[in-house]
Amino acid sequence: MSMPIRIGAVSYLNTKPLIYDLEKLAPEAELVLEPPSRLADHLAEGRLEVALIPIIEYFRSGEYTIVPNIAIASRGPVLSVTLFSRVPWAEIRRVALDEGSRTSAALAQILLRRKFGVRPEVVPLPLVQGGPDHTAENADADAVLLIGDRAMRACLPGFAHAFDLGQEWHDWTSLPFVYAVWAVRPGVDLGDVDKALVESKRRGCARVGEIAQREAPLLGLDAGFCRRYLANIIHFDLGPREQAGLHHYYMLACELGLAKRGVNLEFYGHAHLAKSG
């Protein structure tokens, strides 16, 4: 008997539309939920066949293919990727980055170094599971980066500024930002799982109200806020504009040594469709 296709996803609210009914649509597959950074490691180690990984990890690997036209992206504010800071951007000298993040951690460094011309010391901020975020509030840093549901719950009154990195990116580049994609390990045959991922996205995007009502109490968030977040803030397509934003981010990451050069955008089941700088 063949091994099941192991699908890795995050448990954040913004992922729920992409895994809606997935276990019904792909009963032969196994769905594993982990923080995004761990998913990237498990995919690289061969413990998953396909995973919703931080986009920076796609470029750092250079070996994966992407399931077409599915992403977690924003075209302005994102709400779930926030740099809380005690001082203005240009005065940040020490920044703590959420250990669950890799794409957003690289984005924060790109903004700090390329847009604002500062190169602060970078330290890790440990993952926190539920409860008040005392780790972030008491961090020995000028600024802390939080992502996902943790960012949406956080208030951090001791920090004067709350910079939305999706908004900061869009204001700077006028481009969408892509946070994550479904990445497939080389040599893997997904069978019908790629079709299941596409159908799961279609169903989930059509049912964001239901998802928001179900998930909001679990997250301690308002259901109306969750619905607007999923319907209007997060975008789930990987179209031409998203790819343009992706290429620009990749170019900047390469310039700062945060990704390796010469990695192409390759799509699962398709010929080579695009090339990055």
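Because the structure is a prediction, the values reported are computed rather than measured. (Residues numbered from 1 in each chain as written. Predicted model: local features only at pLDDT ≥ 70, side-chain atom pairs only at ≥ 80, totals over all residues. Heavy atoms only, no water.)

A.B. asks: Looking at this structure, how should I read the packing of aromatic side chains?
C.D. replies: The relative placement of two aromatic rings is captured by the distance of their centres and the angle of their planes. Tallying each qualifying case throughout the model produces 10 aromatic pairs. Their ring planes at 20° and their centres at 4.1 Å tell us that Phe-59 and Tyr-250 sit as a pair that is stacked. In this pair, Phe-59 is assigned in helix α3 (residues 55–61) and Tyr-250 in helix α11 (residues 240–255), connecting sequence segments 191 residues apart. Tyr-250 matches Phe-59 in its accessibility class, with the two residues each being buried. Look at Trp-169 and Trp-172: their rings are 6.1 Å apart centre to centre, the planes differ by 85°, and that puts the pair in the edge-to-face class. (Phe/Tyr/Trp six-rings, centres within 6.5 Å; stacked < 30°, edge-to-face > 60°. Helix = DSSP H or I, 4+ residues; strand = E, 2+ residues; numbered from the N terminus. Buried < 20%, exposed > 50% of the residue type's maximum accessible area, 1.4 Å probe, protein only.)

A.B. asks: Would you mind showing me how to read the packing of helix α4 (residues 103–115) against α11 here?
C.D. replies: For any two helices packed against each other, the geometry comes down to the angle between their axes and how far apart the axes lie. The N-to-C vectors of α4 and α11 enclose an angle of 70°; their axes lie 10 Å apart at closest approach. One element, α4, and the other, α11, form an angle in the roughly perpendicular class. Each of Thr-103, Ala-106, Leu-107, Ile-110 and Arg-114 in α4 lies in contact with α11, whose residues at this interface are Tyr-249, Leu-252, Ala-253 and Glu-255. (Axes fitted to C-alpha atoms, helices over the stretch in contact; angles between N-to-C directions. Parallel < 35°, antiparallel > 145°, perpendicular 65-115°, else oblique. Contact = heavy atoms within 4.5 Å.)

A.B. asks: Explain helix α2 (residues 36–44) to me, please; I cannot follow it from the model alone.
C.D. replies: Owing to its 3.6 residues per turn, the α-helix aligns residues three or four sequence positions apart on the same side. Pro-36, Ser-37, Leu-39, Ala-40, His-42 and Leu-43 are the residues of α2 that are buried. Its buried side turned inward, α2 meets β1 (6–9), β2 (30–33), β3 (50–54), α3, β8 (143–147) and β10 (177–184).

A.B. asks: What is the right way to look at unusual backbone geometry in this model?
C.D. replies: Excluding glycine, residues mostly have negative phi values, and the peptide bonds linking residues are mostly trans. You will see that Asp-21, though not glycine, has its phi angle at about 60°, which is positive. Along the chain, Asp-21 falls in the loop between β1 and α1 (22–25). A relative accessible area of 22% places Asp-21 in the partly exposed class. One non-glycine residue with positive phi stands out, namely Ser-174, at about 60°. With respect to the helices, strands and loops of the structure, Ser-174 is situated in the loop between α7 (165–173) and β10. Here Ser-174 falls in the partly exposed class, since its relative accessible area comes to 45%.

A.B. asks: I tried to follow the environment of Tyr-179 on my own but got confused; where do I start?
C.D. replies: The residue Tyr-179 is located in strand β10 in this model. Overall, Tyr-179 belongs to the buried group, its relative accessible area being 8%. Sequence separation between Tyr-179 and Arg-94 is 85 residues; the distance between their C-alpha atoms is 24 Å. Ignoring anything within four residues of it in the chain, the contact list for Tyr-179 reads Ile-53, Pro-54, Ile-55, Ile-72, Ala-73, Ser-74, Val-78, Val-81, Thr-103, Ser-104 and Gly-166. A polar atom in the side chain of Tyr-179 sits 2.9 Å from the side chain of Ser-74. (Polar contact = N/O pair within 3.5 Å; in protein donor to acceptor, adjacent residues only side chain to side chain.)

A.B. asks: Honestly, the sheet that holds strand β5 (residues 81–85) in this entry has me stumped. Any pointers?
C.D. replies: In a beta sheet, neighbouring strands are held together by backbone hydrogen bonds and run either parallel or antiparallel to one another. The five strands lie next to each other as β7-β6-β8-β5-β9, forming an open sheet whose pairing is mixed. The open sheet has two free edges, formed respectively by β7 (121–125) and β9 (161–164), since each of these has just one partner strand. Neighbour-to-neighbour, the strand axes of this sheet turn through a mean angle of 25°, independent of strand direction. (Pairing = 2+ DSSP bridges.)

A.B. asks: Explain the pattern of salt bridges to me, please; I cannot follow it from the model alone.
C.D. replies: A side chain with one charge can pair with a side chain of the opposite charge if their charged atoms come near. Per the counting criterion, the structure on display carries 18 salt bridges. With a shortest N-O distance of 2.9 Å, Arg-75 and Glu-242 are connected by a salt bridge. Taken as a pair, Arg-75 in the loop between β4 (65–74) and β5 and Glu-242 in helix α11 lie far apart in primary sequence, 167 residues in all. Take Arg-75: its relative accessible area is 39%, and that puts it in the partly exposed class. With a shortest N-O distance of 2.2 Å, Arg-114 and Glu-255 are connected by a salt bridge. Within this pair, whereas Arg-114 is found in helix α4, its partner Glu-255 is found in helix α11, the two being separated by 141 residues in sequence. Take Arg-114: its relative accessible area is 39%, and that puts it in the partly exposed class. Exposure remark for Glu-255: the relative accessible area of 41% places this residue in the partly exposed category. Residues participating in the shared-partner salt-bridge network are Asp-21, Lys-24, Glu-199, Arg-202 and Arg-203. (Salt bridge = Lys/Arg side-chain N within 4 Å of Asp/Glu carboxyl O.)

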